[in-house]
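Fold and contact review
Take a look at the letters that make up each chain.
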Amino acid sequence: MRRLGLTGLCLVLAACARHPRPSLIGPSSAPVMLPPQLFNGGVPRTAEEWRAVGREATTLLSQYVRINTTNPPGNELKTAQWLKAVLAREGIESQIFEPRPGKANLYARVRGDGSARPLIFLNHMDVVLAAPEYWKVDPFSGVVKDGYVWGRGALDMKGEAIAQLMTLITLKRAGVPLKRDVIFLATSDEEVGAGVGAGWFVEAHPELVRDAEFLINEGGTIRADVNGRIEYYGVGTTEKSPFWLDVTARGTSGHGSRPTPDNPVHRLVRALSRIANHQTPLIVTPAVERYFRDLATIERDPARRAWFADIRAALRDSAAVRAVTADLTYNALLRNTISITGLRGSDQTNVIPPVATAAIDVRLLPGQEPATLLAELVRVVSDTAVSITPQGPSWPATESPTDTELFQAIVAAARARDPKALVTTPPLTGFTDSHYFRRLGIVSYGLSPFPLNEAESRGVHGNDERVSLEDLNFGVRFMYDVVSRAVVR
Ligand SMILES: [Zn+2]
């Protein structure tokens, strides 16, 4: 963590004179200088006032990225302490829960008048590994360069967290009357699956979240073209569910020089070959059908436009099937998918092991039964010496409705920017922590506020992750615009 020099900062941030005092915070061992509060005069209205909010968001994000929360181990406690300090300066109290040393979840709640149920901002504090040798900058420098804030987490999802945080802070500073409580929940362990993050939180403290009506999380997309023109506002309302499996083949171990007919590695390879050649059927769920129909309205190619407009009909035409499923995302939205991802036999070349194993990543569409898929694989393999077992508990794919006040707020905020804006609901092929909350009956939307093109999206879990200052400005204002429509009295 590096200290920000006030003088240097002020050269860049013109509004310093009005709010000249950054504050020193943090545990005494590692003080952090918070960036100055650049806009503190009610609800920002003019473009210049919003740019000040954007500049403050930029400096906060830059600091946030510098706290290295690569998971494992995550070190989310450091982040939680930093967030607590940022919130405390605004007079927002927060609690840190530390389920394990160094691991933390932070919870803050700004009160409304209780006439409507709360809205939760959910964000995870951990990030995935960054290999510095492939980056143009130090992935944990938080450097602001060439119009971008660079660093691991700039998009996934520290940048989104800052847009949420600035919205909460702006509401609080402006003192606008709220009809709902607004909850800010920053969690651990999103990037590693099992852990002590969102899943732990809803299990250990359901009383702190279960009265909520809405939740905003990662998992949305504002898709832009190469020129930065917004193609659509995508709200995440549903995602596939993971059903991860172990395949285990048993046989007789022995010396590699004397092959046996029931070598478990041979058995496993035969079983996996059948699985790899198995094609799951095409399925059109209502959410996917709706998404394609929306895409048809912006598709320029006439053939594709016709396919998207009626995807069910298109899938009866083999040329259309080949063309549509050639797109990895579309393919994954139209079927349960199976990827063999892990293999393990003997640790020594001259030893036939007694057991060989493989890992399979299965993803199920909404409405699909894990047991049915498992039975299908057992039939495909048809070898009693090979067993297929789930790695852990699975859950059915979850979905949130769109006939809600929050969805209307998103549409209104998008249309305020462009009356013809397309707001659609792209299903996710992956999954987020939203399912924990959807299962409590909380309407949960993926809402990412940054318009990203293809190249920028590749930074997520990739190299040179970065968010442009322009997108940050846009995102902070867009998030406020959406949420204020849903929470202000
Ligand atoms: Zn994420």
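Here, residues in each chain are numbered from 1, in the same order as that chain's written sequence. Confidence filtering applies because this is a predicted model: local features only for residues at pLDDT of at least 70, side-chain atom pairs given and counted only at 80 or more, and all residues used for totals across whole chains, interfaces and linings. Side-chain descriptors were evaluated using all non-hydrogen atoms of the structure, hydrogens and water having been removed beforehand.

Focus on the overall build of the protein chain
- Secondary structure is summarised from DSSP: a helix means a run of H or I of at least four residues, a strand means a run of E of at least two, and numbering begins at the N terminus for each. On a plain count of helices and strands, the protein chain comes out with 16 helices and 21 strands.
- Throughout, radius of gyration means the C-alpha value; the globule benchmark is 2.2 Å times the number of residues raised to the power 0.38. Its C-alpha atoms give the protein chain a radius of gyration of 25 Å, near enough to 23 Å, the size a compact globule of 489 residues would have.
- Expressed along its principal axes, the backbone C-alpha trace of the protein chain runs to roughly 80 × 55 × 45 Å.
- Contact criterion: two residues are considered in contact whenever any of their non-hydrogen atoms come within 4.5 Å of each other. Restricting to contacts in the protein chain with at least 6 residues of sequence separation, those with at least 24 account for 76%.
- We get accessible surface area from the Shrake-Rupley algorithm with a probe of 1.4 Å; when it comes to residues, only the shown protein chains can shield them. Surface summary for the protein chain: the accessible area is close to 21,400 Å², and the carbon and sulfur share equals 52%.
- Just so you know, the count uses Lys and Arg for positive and Asp and Glu for negative, and it drops His and the chain ends. Working definition for charges: the position is that of NZ of Lys, CZ of Arg, CG of Asp or CD of Glu. Side-chain charges in the protein chain split into 55 positive and 52 negative, and the spacing between the mean points of these groups amounts to 2 Å.

Remarks on the coordination of the zinc ion
- Coordinating N, O and S atoms are those within 2.8 Å of the metal (3.2 Å for Na, K and Ca), and as water is not part of the atoms, a site may appear to have fewer donors than expected. The protein atoms that coordinate the zinc ion are His-124 (NE2), Asp-156 (OD) and Glu-218 (OE), at distances spanning 1.8 to 2.1 Å.
- All donors to the zinc ion come from one chain, and their sequence spacing reads H-x31-D-x61-E. Linking His-124 in strand S5 (residues 119–124) with Asp-156 in the loop between strand S7 (148–150) and helix H4 (158–174), this pair joins segments that are 32 residues apart in sequence.
- We call a residue buried when its accessible area falls under 20% of the maximum for its residue type, exposed when it is over 50%, and partly exposed in between, using a 1.4 Å probe and counting protein chains only. With a relative accessible area of 10%, Asp-156 lands in the buried category.

Quick look at the confidence of the model for the protein chain
- Confidence scores labelled pLDDT are given residue by residue by the predictor and lie between 0 and 100. Per-residue pLDDT for the protein chain averages 92, and the proportion of residues at 70 or more is 93%.
- Note on residues 1–30: pLDDT under 50 across the span, and 50 contacts to partners over four residues away in sequence or across chains.

A look at the sheet that holds strand S17 (residues 386–390)
- Only when DSSP finds a minimum of two bridges between them are two strands counted as paired. Pairing is antiparallel across the open sheet formed by four strands, whose spatial order is S14-S16-S12-S17. Strand pairing shows two members of the sheet lacking a second neighbour, strand S14 (337–344) and S17, which therefore form its edges. The sheet shows a mean angle of 25° between the axes of neighbouring strands, direction not considered.
- As paired strands, strand S12 (residues 241–250) and strand S16 (residues 355–364) are joined by 10 bridges and run antiparallel to one another. Within the sheet, the bridge partner assigned to Arg-250 lies in S16 and is Val-355. Axis definition: a line fitted to C-alpha atoms, over the contacting stretch in the case of helices. Angles run 0 to 180 degrees between N-to-C directions.

Regarding helix H10 (residues 318–325)
- Taken as a whole, H10 has its buried residues at Ala-320, Val-321, Val-324 and Thr-325. End-on, the buried residues of H10 take up no more than an arc of 110°, which puts them together on one face.
- On its buried face, H10 is in contact with helix H7 (286–296), helix H8 (302–309), helix H9 (311–314) and helix H11 (328–333).
- Here a polar contact is recorded for every N or O atom pair within 3.5 Å, except that within protein the pair must consist of a potential hydrogen donor and a potential acceptor, and residues adjacent in sequence are included only if both atoms are side-chain atoms. One side-chain oxygen of the residue at the start of H10 lies 2.9 Å from the amide nitrogen of Ala-319, identifying that residue as Asp-317. Starting at the helix axis, one direction is taken to each C-beta atom, and the arc is that of these directions.

Section: the packing of aromatic side chains
- Any two of the Phe, Tyr and Trp rings considered here, Trp counted by its six-membered ring, make a pair once their centres fall within 6.5 Å; the pair's planes then place it as stacked at under 30 degrees, edge-to-face at over 60, or tilted in between. Per the counting criterion, the structure on display carries 17 aromatic pairs.
- Ring plane angle 85° and centroid distance 5.4 Å describe the contact between Phe-97 and Phe-201, whose orientation is recorded as edge-to-face. A residue pair is termed long-range when its members are at least 10 positions apart, and Phe-97 in strand S3 (residues 94–100) and Phe-201 in helix H5 (residues 198–204) qualify at 104 residues.
- What makes Phe-97 buried here is its relative accessible area of 12%.
- A relative accessible area of 0% places Phe-201 in the buried class.
- Members of the aromatic cluster, connected to one another through ring pairs, are Tyr-232, Tyr-291, Phe-292, Phe-308 and Tyr-330.
- Here, a charge over a ring means that NZ of Lys or CZ of Arg falls within 6 Å of the ring centre while also lying within 35 degrees of the ring normal. Across from the ring centre of Phe-474, 5.7 Å away, lies the NZ or CZ of Arg-417, which sits over that ring.

Focus on the sheet that holds strand S11 (residues 230–234)
- If you walk across this open sheet you meet the four strands as S18-S11-S10-S20, and the pairing is mixed. Across the chains shown, the open sheet's two edge strands, defined by having one partner strand only, are strand S18 (423–424) and strand S20 (451–452).
- The pairing of S11 with S18 spans two bridges and is classified as parallel. Across the sheet, the residue bridging to Tyr-233 is Val-423, located in S18.

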